[in-house]
Amino acid sequence: MGRFSGKKVLVLGVANERSIAHSITTELVKEGATVALTYVNEAIEKRVRPIAEELGIKHVYQCDVQNEEHIDKLFAEIKDAWGSLDGMVHSIAFADREDLSRRFVETSRAGFQLALDVSAYSLVTLSKRAEKLMSEGGSIITLTYLGSQRVVKNYNVMGVAKAALEASVRYLAYELGEKGIRVNAVSAGPIKTLAASGIAGFKDMLSVFAEKAPLRRNTSLEDVAKASLFLLGHDASGVTGETMYVDCGFNTIGM
Ligand code: NAD
């Protein structure tokens, strides 16, 4: 019997084996959870289906978080399949690549809206649906980054989106707390993934990070997955509205 036996968890954001959501899913499955995965489009579906098969996951649905019909359909399907939900992992972000390399002041209105819509608003609209299925309480987590609080070169509009995401976590935690639903964010150190490859100068970030972080190394997928399971599970029963840093201590460093 794993720590998550009998628990039903929806995970959004697996793109490939290097995705943070993939490492969280792998740990959840190891701990006995029943998991559903989503994919944004056909290209990602081709990667997600074999991953689901390998992990013994039966429920795989399409969900582009910019599409409200997809979201309605996803939750209708989850309701049909499971009736209720215990956990949700939101591991989704997107910004126009150009906005992650040029000056922040050049961000277009459309680029700003896109980043905020996919990376922050999606948590709000997904949580609205999840709340209805979490009648026995539940736990929602999202993934964020230090660029929300400090200036990180080239993180630009994504930093603004992450600030909105972290504030959304606090407002959602307050409202959903009445129903015993906890909402938290994991602020991960930089990890080489598909999304990270869109940030100009990401390789340099990794080497500076490993040199300066108190643990003198980069954050691993396993570090993030273990902390995510803590927040998703009963051990964090009194924790909500938090942004938990899983970054080898990097955020604590001044000079
Ligand atoms: P990833 O590319 O593997 O995951 C990003 C996911 O977002 C992909 O599955 C992609 O399909 C999905 N996505 C993008 N647009 C979407 C849309 N419109 N609808 C539905 N899904 C959409 O990269 P990752 O690094 O695992 O990113 C996961 C989360 O972790 C993101 O929120 C990211 O900002 C955050 N994060 C990453 C790092 C890092 O260094 N990799 C650090 C801190 C936080």
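Notes on the structure in this doc start here.

Definitions and cut-offs
Numbers given for residues are sequential positions, taken from 1 along each chain in its written order. The model is predicted, so local features are restricted to residues of pLDDT at least 70 and side-chain atom pairs to those at 80 or more, both for listing and for counting; the totals for chains, interfaces and linings are taken over all residues. For the side-chain quantities, the full set of heavy atoms in the structure was used; hydrogens and water were omitted. Helix and strand definitions here come from DSSP, where helices need a minimum of 4 consecutive H or I residues and strands a minimum of 2 consecutive E residues; each element is numbered from the N-terminal end. The atom set for the radius of gyration is the C-alpha atoms, and the globule formula is 2.2 Å times the number of residues raised to the power 0.38. Between buried and exposed lies partly exposed: a residue is buried under 20% and exposed over 50% of the maximum accessible area for its type, with that area taken using a 1.4 Å probe on protein chains only. Should any heavy atoms of two residues lie within 4.5 Å, those residues are considered in contact. Residues scored as charged are limited to Lys and Arg (positive) and Asp and Glu (negative), so that His and the chain ends carry no count. The location of each charge is read from NZ of Lys, CZ of Arg, CG of Asp or CD of Glu. In a helix, the anticipated span is given by 1.5 Å times the number of residues less one. The working definition used for a salt bridge is a side-chain nitrogen of Lys or Arg within 4 Å of a carboxyl oxygen of Asp or Glu. Nearness is defined per residue: one heavy atom within 4 Å of the molecule or strand is enough. Pairing of N or O atoms within 3.5 Å defines a polar contact, subject to two protein rules: one partner must be a possible hydrogen donor and the other a possible acceptor, and residues neighboring in sequence count only if both atoms are side-chain atoms. Under the grouping applied here, Gly and all other residues not named as nonpolar or charged are polar, the nonpolar ones being Ala, Val, Leu, Ile, Met, Phe, Trp, Tyr, Cys and Pro and the charged ones Asp, Glu, Lys and Arg. Axes here refer to lines fitted to C-alpha atoms; in helices the fit is confined to the stretch in contact. Angles between the N-to-C directions go from 0 to 180 degrees. Relative orientations are named as follows: roughly parallel for angles under 35 degrees, roughly antiparallel for angles over 145 degrees, roughly perpendicular for angles from 65 to 115 degrees, and oblique for any other angle. In this scheme the handedness of a crossing depends on how the near helix is turned from the far one: anticlockwise by less than a right angle means left-handed, clockwise means right-handed. For Phe, Tyr and Trp, where Trp contributes only its six-membered ring, two rings pair if their centres lie within 6.5 Å, and the inter-plane angle classes them as stacked under 30 degrees, edge-to-face over 60, or tilted in between.

Comments concerning the overall build of the protein
From N to C terminus, the protein includes seven helices and seven strands. The secondary structure elements of the protein, listed N-terminal to C-terminal, are β-α-β-α-β-α-β-α-β-α-β-α-α-β. Against the globule reference of 18 Å for 255 residues, the protein gives a C-alpha radius of gyration of 17 Å, in line with a compact fold. Oriented by its inertia axes, the alpha-carbon framework of the protein measures out at about 50 × 40 × 40 Å. Per-residue burial for the protein yields a buried fraction of 52% across its 255 residues. Partitioning the intrachain contacts of the protein with sequence separation of at least 6 by distance along the chain shows that 74% fall at a separation of at least 24. Each charge class in the protein can be summarised by its mean position, and for the 30 positive and 31 negative side chains these summaries are 4 Å apart.

A few points about helix H7 (residues 221-232)
Here H7 contains 12 residues, and its C-alpha end-to-end distance of 16 Å stays within 8% of the 16 Å for a straight helix at 1.5 Å per residue. Taken residue by residue, H7 has Asp223, Val224, Ala225, Ala227, Ser228, Leu229, Leu231 and Leu232 as its buried positions.

Some thoughts on the pattern of salt bridges
Inspection of every chain in the model, using the stated rule, returns 13 salt bridges. Between Arg3 and Glu31 there is a salt bridge, and its shortest N-O distance comes to 3.8 Å. Of this pair, Arg3 sits in the segment before strand E1 (8-12) while Glu31 sits in the loop between helix H1 (20-30) and strand E2 (34-39), and the two are 28 residues apart along the sequence. Given a relative accessible area of 48%, Arg3 falls into the partly exposed group. In this structure, Lys212 engages Glu211 in a salt bridge whose closest nitrogen and oxygen atoms are separated by 3.7 Å.

A look at the site of the ligand
The environment of the ligand is formed by 27 residues, the closest being Ser19, Ile20, Lys162, Ile191 and Thr193. Contact between the ligand and Lys162: an oxygen atom at 2.8 Å from a side-chain N or O atom of the residue. Note that an oxygen atom of the ligand is positioned 2.9 Å from one of the backbone N or O atoms of Ala195. When its residues are assigned to classes, the shell around the ligand shows 19 nonpolar, six polar and two charged.

Topic: the environment of Leu55
Considering the arrangement of structural elements, one finds Leu55 in helix H2 (residues 42-55). Sequence-wise, Leu55 and Ile78 are 23 residues apart; in three dimensions their C-alpha atoms are separated by 18 Å. Not counting residues within four places of it along the chain, the set of residues in contact with Leu55 comprises His22, Thr25, Thr26 and Val29.

Re the packing of helix H3 (residues 68-82) against helix H4 (residues 109-133)
Put simply, H3 and H4 touch, their axes get as near as 10 Å, and they point 25° apart. Taken together, the axes of H3 and H4 lie roughly parallel to each other. Classified by chirality, the crossing of H4 by H3 is right-handed. Contact with H3, carried on its side by Glu68, Ile71, Asp72, Phe75, Ile78 and Lys79, involves Tyr121, Thr125, Leu126, Arg129, Ala130 and Leu133 of H4 and no other residues of that element. By residue class, the composition of the contact of H3 with H4 is seven nonpolar, one polar and four charged.

Quick look at the packing of aromatic side chains
Throughout the structure, instances matching the rule amount to two aromatic pairs. Ring geometry for Tyr145 and Tyr155: centres 4.8 Å apart, planes at 70°, overall edge-to-face. Of the two residues, Tyr145 is situated in the loop between strand E5 (138-144) and helix H5 (156-177) and Tyr155 in the loop between E5 and H5; the sequence distance between them amounts to 10 residues. Pair check on accessibility: Tyr145 and Tyr155 agree, each one buried.

Quick look at the side chain of Ser228
As for its placement among the helices and strands, Ser228 is situated in helix H7. Here the side chain of Ser228 touches Val224 through a polar contact of 2.7 Å, landing on its backbone oxygen.

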